[in-house]
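Single-letter residue listing:
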Amino acid sequence: MRIAFVGAGNMASSLIAGMVAMGIDGGRISASARRPEQRELLKSCYGVDVHSSAGECAAGADVVILSVKPQVAQVTCREIAPHLSDDALILSIMAGIPVLNLLAWLNSSRTSARAIVRCMPNTPASVGFGMTALYASAAVSPSQKECAYSLMSSVGRAIWVGDECQFDAVTALSGSGPAYAYLLMEAMVEAGKELGLPSQVAETLTRQTILGAAQLASDQGRALQELRRQVTSPHGTTEAAVNLLEAQGFKSLVGRAVRGAARRSAELPLEL
Ligand SMILES: NC(=O)c1ccc[n+]([C@@H]2O[C@H](COP(=O)([O-])OP(=O)(O)OC[C@H]3O[C@@H](n4cnc5c(N)ncnc54)[C@H](OP(=O)(O)O)[C@@H]3O)[C@@H](O)[C@H]2O)c1
């Protein structure tokens, strides 16, 4: 199976890193990027076949992963359409671009619809801990669904969503989510330093604490509230911090931020 990444920036590089680490041969992957230094990096790190032309990259691939910015989605789809194999499976990781638009831009002069799976991965895919939501268009066969699922599962967990409308929420939650965790970590490091810890110590404490908390939380049999209660003794130190966060509207602030990301995802197709 040949896999082509059309656009190979941050997210595609994370997926390539994860796939190669999980045993997919870099020689079966091709990637297009405009910057020569990015092409050189991908070639030297992962042994992938690199191209400056999106069309050349996609030509003859079994799976084509659309990973350019949404703003250049249309022009890129129209560029690759004549080069695609008839039975190519298209995975789009682009935020906010509906299947209907992709079908129109990719169909060229075809009479039957292309098989398109929308995916929303995230950057922890580079270390095998990605989270990808998938949605399949009507033309995707059961074996193509299996192919998309196993490809994205190779770099973490994957989950199907039944309604494309849910993709704005998915994008806001798991696509952008790693950034929220890093922002919290940055704030924790800053607070630790203000309390007098050396920078290196504050970083190590923060990174390992969030890693450990996430590892505990990965067991879905344990409610998040219960995990929190286990750290929060009555009248103790954690309770002092959590009460302050709640009194300052922490949950509602996070809710507003996530809804803002979902709104932005919904706006993207209107800007095309
Ligand atoms: N970053 C994330 O965490 C994340 C998570 C989920 C989904 N996504 C989605 O993944 C896609 C890529 O995001 P990213 O963060 O990886 O962006 P990025 O780092 O800017 O990468 C975009 C890639 O597309 C290439 N490109 C840009 N304009 C092009 C054009 N006109 N023709 C051909 N190639 C072009 C860029 O090449 P050069 O850099 O060489 O110019 C680069 O390789 C977006 O649609 C985004 O919604 C991102």
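Please read these numbers as outputs of a predicted model, since none were measured by experiment.

**Thoughts on the layout of surface pockets**
- Roughly 1100 Å³ of volume is contained in the second largest pocket.
- Those elements that provide at least two residues to the lining of the second largest pocket are α1 (10–21), α4 (73–80), α7 (167–175) and α12 (250–267).
- Both domain 1 (3–165) and domain 2 (177–268) contribute no fewer than three residues apiece to the lining of the second largest pocket.

**A few points about the sheet that holds strand β8 (residues 156–160)**
- Sheet architecture is open: eight strands sit in the order β3-β2-β1-β4-β5-β6-β7-β8, paired in mixed fashion. Looking at which strands have only one partner, the edges of the open sheet turn out to be β3 (49–51) and β8. The mean angle between the axes of side-by-side strands here comes to 20°, regardless of whether they run parallel or antiparallel.
- Bridge count for strand β4 (residues 63–66) against strand β5 (residues 89–92) is four bridges, and the pairing is parallel. Residue pairing across strands places valine 63 opposite leucine 89, the latter belonging to β5.
- Its contacts with the sheet place α1 against β1 (3–6), β2 (29–32) and β4, and it is angled at close to 160° to β1.
- Where helix α5 (residues 99–106) meets the sheet, its contacts fall on β4, β5, β6 (115–120) and β7 (130–136), and the angle it forms with β6 comes to roughly 135°.

**Re the pairing of β7**
- For β7, the tally of buried residues reaches six of seven residues, placing the bulk of the element in the interior.
- Bridge count between β7 and β8: five bridges; the pairing is parallel. Counted as the bridge partner of threonine 132 is alanine 158 from β8.
- Running through helix α6 (residues 142–153), the crossover from β7 to the neighbouring parallel element β8 is right-handed.

**As for the packing of α7 against helix α8 (residues 177–194)**
- Where α7 contacts α8, the two axes come as close as 5 Å, and the packing angle between them is 35°. Between α7 and α8, the contacting residues are Ala172, Leu173, Ser174 and Gly175 on the first element and Gly177, Pro178 and Tyr180 on the second.

**Concerning the domain arrangement of the protein chain**
- Under the domain assignment, the protein chain is made up of domain 1 (3–165) and domain 2 (177–268).
- Put simply, the middle of domain 1 and the middle of domain 2, counted by C-alpha atoms, are 32 Å apart.
- Counting from both sides, the interface comprises eight residues of domain 1 and, opposite them, six residues of domain 2.
- Carbon and sulfur atoms make up 55% of the area that domain 1 and domain 2 hide from each other, which totals about 460 Å².
- Between domain 1 and domain 2 we count zero residue pairs in polar contact (both at pLDDT 80 or more) in total.
- For the side of domain 1 that touches domain 2, the class distribution of residues is three nonpolar, four polar and one charged.

Scoring rules and cut-offs
- Residues numbered from 1 in each chain as written.
- Predicted model: local features only at pLDDT ≥ 70, side-chain atom pairs only at ≥ 80, totals over all residues.
- Heavy atoms only, no water.
- 1 Å grid on protein atoms, 1.4 Å probe; cavity = no way out; pocket = protein on both sides within 12 Å on 5 of 7 lines; lining within 4 Å.
- Points joined across faces, edges and corners; volume = space filled by probe spheres on them.
- Helix = DSSP H or I, 4+ residues; strand = E, 2+ residues; numbered from the N terminus.
- Domains from an automatic or database assignment.
- Pairing = 2+ DSSP bridges.
- Axes fitted to C-alpha atoms, helices over the stretch in contact; angles between N-to-C directions.
- Contact = heavy atoms within 4.5 Å.
- Buried < 20%, exposed > 50% of the residue type's maximum accessible area, 1.4 Å probe, protein only.
- Right-handed = clockwise from strand over helix to strand, strands pointing away.
- Buried area = accessible area lost by both parts, 1.4 Å probe.
- Polar contact = N/O pair within 3.5 Å; in protein donor to acceptor, adjacent residues only side chain to side chain.
- Nonpolar A, V, L, I, M, F, W, Y, C, P; charged D, E, K, R; others polar.

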